[in-house]
Amino acid sequence: MDKIGFGGSCHWCTEAIFMSLKGVTHVEQGWIAADGEAAAFSEAVIVTFNLISLSTLITVHLHTHSCTSNHSMRSKYRSAIYTFNRQQEVTSREAITALQPEFAQQIITEVLPFREFKRNTANYLNYYYSNPEKPFCKNVINPKLRLLLNRFSNEVDSDKFNMATV
């Protein structure tokens, strides 16, 4: 088992995306802080995984949030990969460089050292799979899950992800 942190959009969205993948064994949702300018907490998830590569997780991450947009909500939704060791940092930087040609604009996703995590309250954990009929889930998360299914169908775990609902 290995773990990595991802931030970029609402942690409910990010949680649903990673919970839907084969090889992801656990997703913790909350806020992550790094060091320096990224010391403020930002919505993110910690993904525990095996049998899926870090490069694949990064590819999914970059394609399922606005990784090229430096919009006004970036302090709340920092586009980042939070690494737990040097090898993850190297792999993350290499993956971003390799994926850049797939995007018309510059990828702004930062590779940052993980420093601290604050878990969300229990009533917001597993938000999508506990509340698939809520308007936010239907209007915001479902389109991201459709994108996941269309672009990364081989990575989607059909035992976790009810394809009929999106």
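Everything that follows concerns the structure shown earlier in this document.
Only a predicted model underlies this, so the values are computations on that prediction, with no experimental measurement involved.

Engineer: I would appreciate a short explanation of the sheet that holds strand S1 (residues 2-7) in the present structure.
Structural biologist: Strand-to-strand pairing in sheets goes through backbone hydrogen bonds, with the strands running parallel or antiparallel. In space, the six strands of this open sheet follow the order S5-S4-S1-S3-S2-S6, with mixed pairing throughout. A strand with exactly one partner marks an edge of an open sheet, and here the two such strands are strand S5 (110-113) and strand S6 (116-119). Shown here is a sheet whose adjacent strand axes are inclined to one another by a mean of 35°, direction ignored. With three bridges connecting them, S1 and strand S4 (residues 80-83) associate as antiparallel partners. In the sheet register, Gly7 faces S4, and the bridge partner there is Ala80. The strands touched by helix H2 (residues 54-63) within the sheet are S1, strand S2 (24-33), strand S3 (42-49) and S4, with S1 carrying the most contacts at an inclination of about 15°.

Engineer: Whenever I open this one, the nonpolar core confuses me. Can you help?
Structural biologist: Generally speaking, a soluble globular protein has its nonpolar side chains buried in company with each other. Ranked by size, the top nonpolar core spans 39 residues in total, and within it Phe6, Phe18, Val47 and Leu57 carry the most contacts. Elements that contribute at least two residues to this core include exactly S1, helix H1 (11-19), S2, S3, H2, helix H3 (86-99), helix H4 (127-130) and helix H5 (135-151). Once residues within four sequence positions are removed from consideration, Phe18 is found in contact with Phe6, Val24, Val27, Val45, Val47, Leu57, Val60 and His61. With nine residues, the next largest nonpolar core counts Ala34, Ala80, Leu112 and Phe117 among its residues.

Engineer: Would you mind going over the pattern of salt bridges with me for this structure?
Structural biologist: Pairing is possible between side chains of opposite charge, provided their charged atoms come close. Summed over the entire model, instances satisfying the criterion amount to six salt bridges. The closest approach of N and O atoms between Arg86 and Glu89, which form a salt bridge, is 3.3 Å. Taken together, the residues Arg86 and Glu89, both in helix H3 and three residues apart, mark about one turn of the helix. Among the salt bridges present, the one from Lys138 reaches Glu133, with a minimum N-O distance of 3.0 Å.

Engineer: Help me understand the pairing of S4, please; the structure alone is not making it clear to me.
Structural biologist: Side-chain direction in a regular strand flips from residue to residue, so the side chains alternate between the two faces of the sheet. Along S4, one buried face is formed by Ala80 and Tyr82 and the opposite face, lined by Ile81 and Thr83, is buried too. Where S4 lies against S5, four bridges are found, and the strand directions are parallel. Its bridge partner lying in S5, Ala80 is registered against Glu110. On the question of chirality, the crossover connecting S4 to the parallel S5 by way of H3 is right-handed.

Engineer: Got a minute to help me understand the packing of aromatic side chains in this structure?
Structural biologist: Geometry of an aromatic ring pair is reported as the spacing of the ring centres plus the angle between the planes. Summed over the entire model, instances satisfying the criterion amount to seven aromatic pairs. With a centroid separation of 3.7 Å and 10° between ring planes, the pair formed by Trp12 and Tyr127 is classed as stacked. Of this pair, Trp12 sits in helix H1 while Tyr127 sits in helix H4; the two residues are 115 residues apart in sequence, bridging distant segments of the chain. Among the residues examined, Trp12 registers a relative accessible area of 17% and is labelled buried. Between Tyr124 and Tyr127 the ring centres are 6.3 Å apart and the planes differ by 35°, which places this aromatic pair in the tilted class. An aromatic cluster is defined as three or more aromatic residues linked by ring pairs; in this entry it consists of Trp12, Tyr124, Tyr127 and Phe136.

Engineer: How do you make sense of H3 when you look at a structure like this?
Structural biologist: Think of an α-helix as 3.6 residues a turn; residues three or four steps apart then line up on the same face. Taking 1.5 Å of rise per residue, the 14 residues of H3 would be expected to cover 20 Å, and the 20 Å separating its terminal C-alpha atoms lies within 8% of that figure. For H3, the complete set of buried residues consists of Gln88, Thr91, Ser92, Ala95, Ile96 and Leu99. The buried side chains of H3 occupy one side of the element, clustering within an arc of 135° when seen end-on. Exposed side chains of H3 directed beyond 90 degrees from the buried face belong to Arg86, Gln87, Glu94, Thr97 and Ala98. One side-chain oxygen at the N-terminal end of H3 lies 3.1 Å from the backbone nitrogen of Gln87; it belongs to Asn85.

What counts as what
- Residues numbered from 1 in each chain as written.
- Predicted model: local features only at pLDDT ≥ 70, side-chain atom pairs only at ≥ 80, totals over all residues.
- Heavy atoms only, no water.
- Pairing = 2+ DSSP bridges.
- Helix = DSSP H or I, 4+ residues; strand = E, 2+ residues; numbered from the N terminus.
- Axes fitted to C-alpha atoms, helices over the stretch in contact; angles between N-to-C directions.
- Contact = heavy atoms within 4.5 Å.
- Core = buried A, V, L, I, M, F, W, Y, C linked by side-chain atoms within 4.5 Å.
- Buried < 20%, exposed > 50% of the residue type's maximum accessible area, 1.4 Å probe, protein only.
- Salt bridge = Lys/Arg side-chain N within 4 Å of Asp/Glu carboxyl O.
- Right-handed = clockwise from strand over helix to strand, strands pointing away.
- Phe/Tyr/Trp six-rings, centres within 6.5 Å; stacked < 30°, edge-to-face > 60°.
- Expected span 1.5 Å × (residues − 1).
- Arc of directions from axis to C-beta.
- Polar contact = N/O pair within 3.5 Å; in protein donor to acceptor, adjacent residues only side chain to side chain.

The analysis is restricted to geometry; functional conclusions fall outside its scope.
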